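# Results of the structural survey
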Amino acid sequence: MNRTRLVLSGLAVAAAIAMSGCDPQPKTEGTAPSPSTVPSSAAPTGGAATTATSAAAIDAVTVKACADIEKDIKDNAAKITKAEKIGPPAGHFAVSAQWAAGSVAILAHSMGANQAVSAASEKIQNEMMSLSDAYNKSADAKPSKKALEAAMKELDTACSAA
């Protein structure tokens with residue numbers, strides 16, 4: 001049981017590390033990156049437009065994160081249902097593994113989202129890992145999903161505000 005937890009935790013960490021190194025915009029060789037600051041000798045023009053563009057880009061990332069996380073939750077629910085049909089004693093390992101895998105998907109898709117969505121998705125991820133742990137401990141586990149449902153409502157609220 002501890003070995004399964006160790007393997008799943010290792011996979012979750014590996015996925016998080018792999019996703020943190022992703023660069024959404026590949027750089028071409030031989031091209032210098034554009035400076036992020038305006039030289040002091042240049043006249044400041046379009047400051048508000050630049051800020052609005054940045055905010056729009058962040059909002060687009062947040063909207064995409066919300067859509068991806070909602071899809072992850074639905075996909076995970078379907079896979080959990082399928083894993084539960086296996087039944088104890090072996091089925092609880094499949095359910096535990098699926099909760100852990102679902103939590104990693106949530107974590108991966110929440111990167112770059114605004115603070116409210118990131119916080120809500122982190123709560124969902126933590127609740128999924130708690131469910132994974134509960135199923136890993138007992139073949140007859142029937143843990144409550146109320147905390148997960150509350151975290152999902154918080155995510156819906158955060159996503160609707162984005």
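In case you missed it, the structure is sitting above this.
Going along each chain's sequence as written, the residues are numbered from 1 onward. Whole-chain, interface and lining totals are the exception, using all residues; otherwise, since this is a predicted model, local features are given only for residues with pLDDT of at least 70 and side-chain atom pairs are given and counted only at 80 or more. Values reported for side chains reflect all heavy atoms of the structure, with hydrogen atoms and water molecules removed beforehand.

### Points about the overall build of the chain
Only DSSP runs of H or I reaching four residues or more are called helices, and only runs of E reaching two or more are called strands; each is numbered from the N terminus. Helices and strands together make up the secondary structure of the chain, namely five helices and zero strands. Listing every helix and strand of the chain by position from the N terminus yields α-α-α-α-α. We call a residue buried when its accessible area falls under 20% of the maximum for its residue type, exposed when it is over 50%, and partly exposed in between, using a 1.4 Å probe and counting protein chains only. In the chain, which comprises 162 residues, the share counted as buried stands at 27%. Within the chain, contacts between residues separated by at least 24 positions form 74% of all contacts whose residues are at least 6 apart in sequence. The method behind every accessible area is Shrake-Rupley, applied with a 1.4 Å probe, and residues are considered shielded solely by the protein chains displayed. For the chain, the accessible surface area stands at approximately 10,500 Å², while carbon and sulfur atoms represent 61% of it. The contact criterion used is simple: two residues touch if any of their non-hydrogen atoms lie within 4.5 Å.

### Comments concerning helix 3 (residues 91-110)
One full turn of an α-helix is made of 3.6 residues, so residues set three or four places apart face in the same direction. One less than the number of residues in a helix, times 1.5 Å, gives the span that helix is expected to have. The terminal C-alpha atoms of helix 3, which comprises 20 residues, lie 29 Å apart, in line with the 28 Å expected from a rise of 1.5 Å per residue. One or two positions beyond helix 3, positive phi appears at glycine 112, with a value near 90°.

### Topic: the nonpolar core
Generally speaking, soluble globular proteins have nonpolar side chains that are buried together. Buried Ala, Val, Leu, Ile, Met, Phe, Trp, Tyr and Cys residues form a nonpolar core when they are joined through side-chain atoms within 4.5 Å. Of all hydrophobic cores here, the largest spans 22 residues; its most connected members are Trp99, Val117, Ile124 and Leu155. Residues in contact with leucine 155, not counting those within four places in the same chain, are Ile69, Ile73, Val117, Ala120, Ser121 and Ile124.

### A closer look at the pattern of salt bridges
Pairs may arise between side chains of opposite charge once their charged atoms sit close together. In the sections that follow, a salt bridge refers to a side-chain nitrogen of Lys or Arg positioned within 4 Å of a carboxyl oxygen of Asp or Glu. Per the stated rule, a full pass over the model turns up four salt bridges. Linking aspartate 68 and lysine 64 is a salt bridge whose minimum nitrogen-to-oxygen distance equals 2.8 Å. Residue aspartate 68 and its partner lysine 64 are located together in helix 2 (residues 47-84), separated by four residues, close to a single helical turn. Residue classification places aspartate 68 among the buried residues on the basis of a relative accessible area of 18%. Glutamate 84 is the partner of lysine 145 in a salt bridge, and the nearest nitrogen-oxygen pair spans 4.0 Å. With lysine 145 in the loop between helix 4 (115-137) and helix 5 (146-161) and glutamate 84 in helix 2, the pair connects residues that are 61 residues apart, well separated along the chain.

### Thoughts on the state of the cysteines
Disulfide: a pair of cysteine sulfur atoms within 2.5 Å of each other. By the definition in use, this model includes one disulfide. The disulfide bridge from cysteine 66 ends at cysteine 159, spanning 2.0 Å between sulfur atoms. On the S-S bond that ties cysteine 66 to cysteine 159, the torsion sits near -95°, and the link is left-handed. Taken as a pair, cysteine 66 in helix 2 and cysteine 159 in helix 5 lie far apart in primary sequence, 93 residues in all. On the basis of relative accessibility, which here comes to 14%, the residue cysteine 159 falls in the buried class.

### Focus: the packing of helix 4 against helix 5
The axes used here are C-alpha line fits, helices contributing only the stretch in contact, and every angle between their N-to-C directions lies in the interval 0 to 180 degrees. Taken N-terminus to C-terminus, the directions of helix 4 and helix 5 make an angle of 165°; their axes are 8 Å apart at the nearest point. Taken together, helix 4 and helix 5 sit at an angle that is classed as roughly antiparallel. Here helix 4 runs over helix 5; the crossing is left-handed. Between helix 4 and helix 5, the residues in contact are Ala116, Val117, Ala120, Ser121, Lys123, Ile124, Glu127, Met128 and Leu131 and Ala147, Leu148, Ala151, Met152, Glu154, Leu155, Ala158 and Cys159, respectively. All amino acids are sorted into three groups, where Ala, Val, Leu, Ile, Met, Phe, Trp, Tyr, Cys and Pro are nonpolar, Asp, Glu, Lys and Arg are charged, and the leftover types, Gly among them, are polar. A per-class count over the contact of helix 4 with helix 5 returns 13 nonpolar, one polar and three charged. Orientation categories follow fixed angle ranges, with anything under 35 degrees roughly parallel, anything over 145 roughly antiparallel, 65 to 115 roughly perpendicular, and all other angles oblique. Crossings are sorted by hand: turned counterclockwise from the far helix by less than a right angle, the near helix makes the crossing left-handed, and turned clockwise it makes it right-handed.

### Structural notes on helix 4
Between its terminal C-alpha atoms helix 4 stretches 33 Å, which fits the 33 Å expected from 23 residues at 1.5 Å a residue. Residues of helix 4 that are buried include every one of Val117, Ala120, Ser121, Ile124, Gln125, Met128, Met129, Leu131, Ser132, Tyr135 and Asn136, and no others. The N-capping residue of helix 4, defined by a side-chain oxygen 3.3 Å from the backbone nitrogen of alanine 116, is asparagine 114. Here a polar contact is taken to be a pair of N or O atoms separated by no more than 3.5 Å, where protein atoms must pair a possible hydrogen donor with a possible acceptor and residues adjacent in sequence count only if both atoms sit in side chains.

These figures capture arrangement, not role.
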